[in-house]
Amino acid sequence: MDKKAVEHIAKLARLQITDAEAVEFSAQMEKILQNFQKIENINTQGVEPMVTPTEIESFWREDQVVQNYKPEDMVANAPDRAGNLFKVPPVV
Amino acid sequence: MDLTFASLSEISDAVKSKKVSAKEVAAHFQKRIESLDSKLNAFTSHNPNALKDAENTDSRIAKGEDVGLLAGVPFGIKEMLCTKGLKTTAGSKILSNFVPPYDSTVVARLKKQGVTVMGKLNQDEFAMGSSNETSFYGAVKNPWDVNRVPGGSSGGSAAAQAARLVAGTIGTDTGGSIRQPASFCGIVGVKPTYGRVSRYGIIAFASSLDQAGPMVSSVKDAALTMEVISGHDPMDSTSSQKAVPSWSKNLSTDVKGLKIGVIKEYMKGGLDVDTEKTFSESLKTLKSMGAEIVEVSVSMSEFAVPIYYLVATSEASSNLARYDGIRYGYRAEFPSLAGVELEDFYAKTRGEGFGQEVKRRIMLGTYCLSSGYYDAYYTKAGQVRRMLTEQYLAAFRNCDVILSPVTTSPAFKIGELVSDPLAMYMNDIFTTSTNLAGLPGMSVPFGASSTGLPIGVQVTANHFDEQRMLNVAAALESVSPVKGKKPHVI
């Protein structure tokens, strides 16, 4: 995995990385991905991929509206806000 | 009563019978934290209301109210679990200012049973690490040798418990993060069956692997804590509706006739001498107590580490997408938001907010989930995961529990493996498959290295069969050659 590929993945992951990090990650990720390839030749034909390890038992609850929080609780941790609104960079 | 080394029920009984007040207990442990934690860095923050909370328990007792199974027992909580009004950082800069408006279900249940929350415990950033060196708040030191790691990612919980800065702690385990630090620090650590304990309010790392569990000083304390935190929670759709047994009341050290499985593929070598000796002693001991040792095969266990890292990094890259600097957490500084591209805003915030290990894992996960690679990596890992799980279930048709080492060696030195992530990942070889298959597993102290470092043994059981796992651990604990040994720092 070269530096360019690492930079492309960083862009997909919305992560700013430095040149030095790109170089370091490319060597490390190469080694880790080689390790991942160990499973490549296992015959998995017809095997359903597992997404959760124990059986999920469905359950139902009443469809009721419950107000657990006040709007100000929900915005209390915002880095920047205007009243009860989150401030964001312009998106249009 | 020697409060420092008292069991959870001893403290709770003493508080309820007014032999000691919850406030006195909290003050005792607060003093220990103040005098010892500077050597360990186990705590990231203290609960400023701990004494007031304990006082509240005392006044409820005075009024004759039922204050629960853990009345006045001081607990430390891993940074991964949300605590109402108390900072919850996941060991990361990106959550350095996050104060949850709610308690995670685990914490709410502990509080309901009268626990006094003393503070939050250090951990690897977002629980990613096997050494507790990736925390934004600095490395935690092992109380048995402060030049060594306490293990990760629940290293703060393990160190605080081993040094008895609190009476009990909670950790989380995604690939061994409760069991490996428990082994490194000489305490008992349990990862329950997936679904036993609600994940509501626990900061998500890899949702299909994460479980919270107790990290305490004895098997009985572990059983009791499990009873408090387990059980169905409508807030977590993967939480099981199975009834919670009275594990602590049914605890038995009788292992006569039990079949103890040993995975033959694990016995290929590569263990350090003391770890190997501890493990074979544990088998001999169980045999002498009347158990039968049988060989079982889980050939897919060879692939546990690659499957684990494929699944964990993929799920992590998805879970950690929520840290965008908008609704909570750290936001990169911009002189003005005018003209800032949203993508650059996210990238700068996340680039500054996450540490190296977290970035590396997000990148790996993003790569594995990206178009063209998804089937080759994530789907394939899910298929092999099912094959591995089926092999485990087949093994449990021939044995009651499986015994194995927890790690390949005792605690390593701080900095020793930090630049070689793959070597660090291989450290998780005995623990990861338990999470992949959703099985309960625990570490119980049973030996020591020639230099006096603790070594644990891992007991794994079938889904929801925690009682048998706890019983085998209790049997080992009852005759453990390291019983009663205390770390140097205390």
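So, how was this worked out
- Residues numbered from 1 in each chain as written.
- Chains lettered and ligands numbered in written order.
- Predicted model: local features only at pLDDT ≥ 70, side-chain atom pairs only at ≥ 80, totals over all residues.
- Heavy atoms only, no water.
- Helix = DSSP H or I, 4+ residues; strand = E, 2+ residues; numbered from the N terminus.
- Rg over C-alpha atoms; globule rule 2.2 N^0.38 Å.
- Buried < 20%, exposed > 50% of the residue type's maximum accessible area, 1.4 Å probe, protein only.
- Contact = heavy atoms within 4.5 Å.
- Areas by Shrake-Rupley, 256 points an atom, 1.4 Å probe, with all protein chains shown as cover.
- Buried area = accessible area lost by both parts, 1.4 Å probe.
- Salt bridge = Lys/Arg side-chain N within 4 Å of Asp/Glu carboxyl O.
- Polar contact = N/O pair within 3.5 Å; in protein donor to acceptor, adjacent residues only side chain to side chain.
- Nonpolar A, V, L, I, M, F, W, Y, C, P; charged D, E, K, R; others polar.

A. The overall build of chain B, seen in detail. Scanning chain B for helices and strands turns up 15 helices and 11 strands. Expected size for 490 residues packed as a compact globule is a radius of gyration near 23 Å; at 22 Å, chain B falls within 12% of this value. Here chain B holds 490 residues, and the buried ones make up 66% of them. Contacts in chain B between residues at least 24 apart in sequence constitute 76% of all its contacts with a sequence separation of at least 6. As presented, chain B carries roughly 16100 Å² of accessible surface, and 50% of it is formed by carbon and sulfur atoms.

B. Expanded view of the interface of chain A and chain B. The interface of chain A with chain B comprises 53 residues on the first partner and 76 residues on the second. Both faces combined, the contact of chain A with chain B buries some 5600 Å², and carbon together with sulfur accounts for 67% of it. Remark: the boundary between chain A and chain B carries four salt bridges. Taking the shortest distance from any N to any O, the salt bridge between B:Lys359 and A:Glu21 comes out at 3.0 Å. The interface formed by chain A and chain B includes 20 residue pairs in polar contact (both at pLDDT 80 or more). Elements with a contribution of two residues or more to the side of chain A that touches chain B: helix 1 (3–12), helix 2 (19–36) and helix 3 (71–75) of chain A. At 10 residues, the largest contribution of residues to the side of chain A that touches chain B is made by helix 2 of chain A. When grouped by side-chain class, the residues that make up the side of chain A that touches chain B number 31 nonpolar, 10 polar and 12 charged.

C. Up close: the pattern of salt bridges. Tallying each qualifying case throughout the model produces 20 salt bridges over all chains. Between B:Asp400 and B:Arg468 there is a salt bridge, with the nearest N and O atoms lying 2.5 Å from each other. Placement of the pair is B:Asp400 in the loop between helix 12 (374–395) and strand 9 (401–405) and B:Arg468 in helix 15 (residues 466–478), with a sequence separation of 68 residues. Given a relative accessible area of 32%, B:Arg468 falls into the partly exposed group. A single network of salt bridges, built from pairs that share partners, joins A:Lys3, A:Glu7 and A:Asp19.

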